[in-house]
Amino acid sequence: MKKISILILAVLFISCKSEAQQKEKNTKEFKVQKTENEWKAELTDKEYRILRKAETERPFSSPLNDIEEPGVFVCAACGNQLYETKHKFKSGTGWPSFDRAIENSLALSSDRKLGYERSELLCGDCGSHLGHVFDDGPKETTGKRHCINGVALEFIPKEKL
Ligand SMILES: [Zn+2]
């Protein structure tokens with residue numbers, strides 16, 4: 001009898017545990033939830049391919065590369081404030097580059113699309129793909145390089161915030 005109750009307890013414990021893990025996964029879901037069709041309807045074709053399908057824009061193709069005026073870069077899919085001009089730097093890569101994001105604005109994932117592990121940057125509110133982060137940023141600040149698709153961002157000048 002004792003053995004059976006231990007067994008039952010063990011089973012209960014295991015099932016509780018998997019339920020807890022499930023919960024943790026659910027809370028990681030993004031605040032902004034849309035279906036694929038809703039995203040397709042809202043975004044341009046190019047935005048959809050980059051933000052929702054994690055494609056990469058051609059280097060030196062984004063007008064945001066040249067922006068130096070004070071302001072904020074928001075997620076092109078949901079408007080979440082992601083980056084400030086003061087943290088932008090000239091990386092020479094052809095993609096808008098920042099040494100850090102606005103605190104708690106991003107989510108991190110990883111991909112092996114190029115055969116090695118890269119840290120993928122997602123919008124923390126809607127989970128859209130933004131770009132990747134590398135460790136070859138400016139040493140005098142954070143040492144990080146957030147390499148972002150300009151298509152994934154919209155620039156809002158300081159006076160319009
Ligand atoms: Zn977003």
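Throughout this document, residue positions are counted from 1 along each chain, in the order its sequence is written. Totals for whole chains, interfaces and linings use every residue, but because this is a predicted model, local features are given only for residues with pLDDT of at least 70 and side-chain atom pairs only at 80 or more, for both listing and counting. Note that the side-chain values use all heavy atoms of the structure and ignore hydrogens as well as water.

Participant: Break down the side chain of His-132 for me, citing the residues and quoting the values.
Facilitator: Here a strand is any run of E in DSSP of at least two residues, a helix any run of H or I of at least four, and the numbering for each starts at the N terminus. Its location among the elements puts His-132 in strand β6 (residues 129-134). For this analysis, a polar contact is any N or O atom pair within 3.5 Å, provided that within protein one partner can donate a hydrogen and the other can accept it, and provided that sequence-adjacent residues contribute only side-chain to side-chain pairs. Within the structure, His-132 has its side chain in polar contact with the side chain of Arg-118 (distance 3.5 Å). Note on contacts: a residue pair qualifies if any of its non-hydrogen atoms lie within 4.5 Å across the two residues. When residues no more than four places from it in sequence are discounted, the contact partners of His-132 are Asp-111, Arg-118, Ser-119, Glu-120, Leu-121, Arg-145, His-146 and Cys-147.

Participant: Hey, could you go over unusual backbone geometry for me, with residue numbers and the actual values?
Facilitator: Both trends apply: most residues other than glycine have a negative phi, and most peptide bonds are in trans. Residue Ala-54 is not a glycine yet carries a positive backbone phi of 60 degrees. Mapped onto the secondary structure, Ala-54 falls in the loop between α3 (45-52) and β1 (71-75). In this scheme, a residue with accessible area under 20% of its type's maximum is buried, one over 50% is exposed, and one in between is partly exposed, where area comes from a 1.4 Å probe on protein chains only. Looking at Ala-54, the relative accessible area reads 17%, which means it is buried. Phi is positive for Asn-104, which is not a glycine, with a value near 60 degrees. With respect to the helices and strands, the residue Asn-104 is situated in the loop between β3 (97-98) and β4 (106-111).

Participant: Just give me the short version of the coordination of the zinc ion, but keep the residues and values in it.
Facilitator: We call an atom a donor if it is N, O or S and sits within 2.8 Å of the metal, or 3.2 Å for Na, K and Ca. Water is not counted, so some sites may look partial. Ligation of the zinc ion by protein atoms is provided by Cys-75 (SG), Cys-78 (SG), Cys-123 (SG) and Cys-126 (SG), these donors lying 2.3 Å from the ion. Around the zinc ion, the four donor atoms sit at angles spanning 103 to 113 degrees, and that spread fits a shape best called tetrahedral. In the primary sequence, the donor residues of the zinc ion line up as C-x2-C-x44-C-x2-C. Here Cys-126 lies in the loop between β5 (118-123) and β6 and Cys-78 lies in the loop between β1 and β2 (81-84), a separation of 48 residues in the sequence. Any coordination sphere not matching a tetrahedral pattern (four donors, all angles between 85 and 135 degrees) or a square planar or octahedral pattern (four or six donors, opposite donors over 155 degrees apart, other angles between 65 and 115) is reported as irregular.

Participant: Got a sec to walk through the pattern of salt bridges? Specific residues and values, please.
Facilitator: Salt-bridge detection follows one rule: a side-chain nitrogen of Lys or Arg within 4 Å of a carboxyl oxygen of Asp or Glu. Across all of its chains, the model carries 12 salt bridges by this definition. The partner of Asp-111 in a salt bridge is Arg-118, and the shortest N-O contact between them spans 3.4 Å. Relative accessible area serves as the criterion here: at 12%, Arg-118 is assigned to the buried category. For the salt bridge of Glu-117 with Arg-112, the shortest nitrogen-to-oxygen distance reads 3.6 Å.

Participant: Break down the side chain of His-146 for me, citing the residues and quoting the values.
Facilitator: Position of His-146 relative to the elements: it lies in strand β7 (residues 145-148). A distance of 2.8 Å separates polar atoms of two side chains, one belonging to His-146 and the other to Tyr-83. Excluding residues that lie within four positions of it along the chain, His-146 makes contacts with Tyr-83, Pro-96, Ser-97, Phe-98, Asp-99, Arg-100, Ala-101, Leu-106, Leu-121, His-132 and Val-133.

Participant: Tell me about the environment of Leu-82, residues and numbers included.
Facilitator: Its location among the elements puts Leu-82 in strand β2. Measuring from C-alpha to C-alpha, the distance between Leu-82 and Glu-103 comes to 8.2 Å, with 21 residues separating the pair along the chain. Setting aside chain neighbours within four positions, we find Leu-82 in contact with Phe-73, Val-74, Cys-75, Ala-101, Ile-102, Ser-105, Leu-106, Cys-123, Leu-130 and Leu-153.

Participant: Explain the pairing of β1 to me, using residue names and the numbers behind them.
Facilitator: Most of β1 is tucked away, with five of its five residues classed as buried. Two elements, β1 and strand β8 (residues 153-157), share five bridges in a ladder whose sense is antiparallel. Bridging from a neighbouring strand, Val-72 pairs with Ile-156 of β8. The criterion for strand pairing is that DSSP finds at least two bridges linking the strands in question. The pairing of β1 with β2 spans three bridges and is classified as antiparallel. Pairing of Val-74 across the sheet is with Gln-81, part of β2.

Participant: Could you give an account of the packing of aromatic side chains, naming the residues involved and the relevant values?
Facilitator: Aromatic pairs are defined between Phe, Tyr and Trp rings, using the six-membered ring for Trp, whenever the two ring centres lie within 6.5 Å; interplanar angles under 30 degrees are classed as stacked, those over 60 as edge-to-face, and all others as tilted. Here the structure, examined in full by the defined rule, presents three aromatic pairs. Aromatic pair Phe-73 and Phe-155: ring centres 4.9 Å apart, planes at 45 degrees, arrangement tilted. With Phe-73 in strand β1 and Phe-155 in strand β8, this residue pair connects regions lying 82 residues apart in the sequence. Ring centres 4.2 Å apart and planes at 20 degrees place the aromatic pair Tyr-83 and Phe-98 in the stacked group. Of this pair, Tyr-83 sits in strand β2 while Phe-98 sits in strand β3, and the two are 15 residues apart along the sequence. Judged by its relative accessible area of 0%, Tyr-83 falls in the buried class. Accessibility expressed as a relative area gives 0% for Phe-98, which makes it buried. What links up through ring pairs into an aromatic cluster is the set Phe-73, Tyr-83, Phe-98 and Phe-155. Positioned over the ring face of Trp-39 is Lys-34, at 5.1 Å from the centre of the ring. In this scheme, Lys NZ or Arg CZ marks a charge over a ring once it lies within 6 Å of the ring centre and within 35 degrees of the ring normal.

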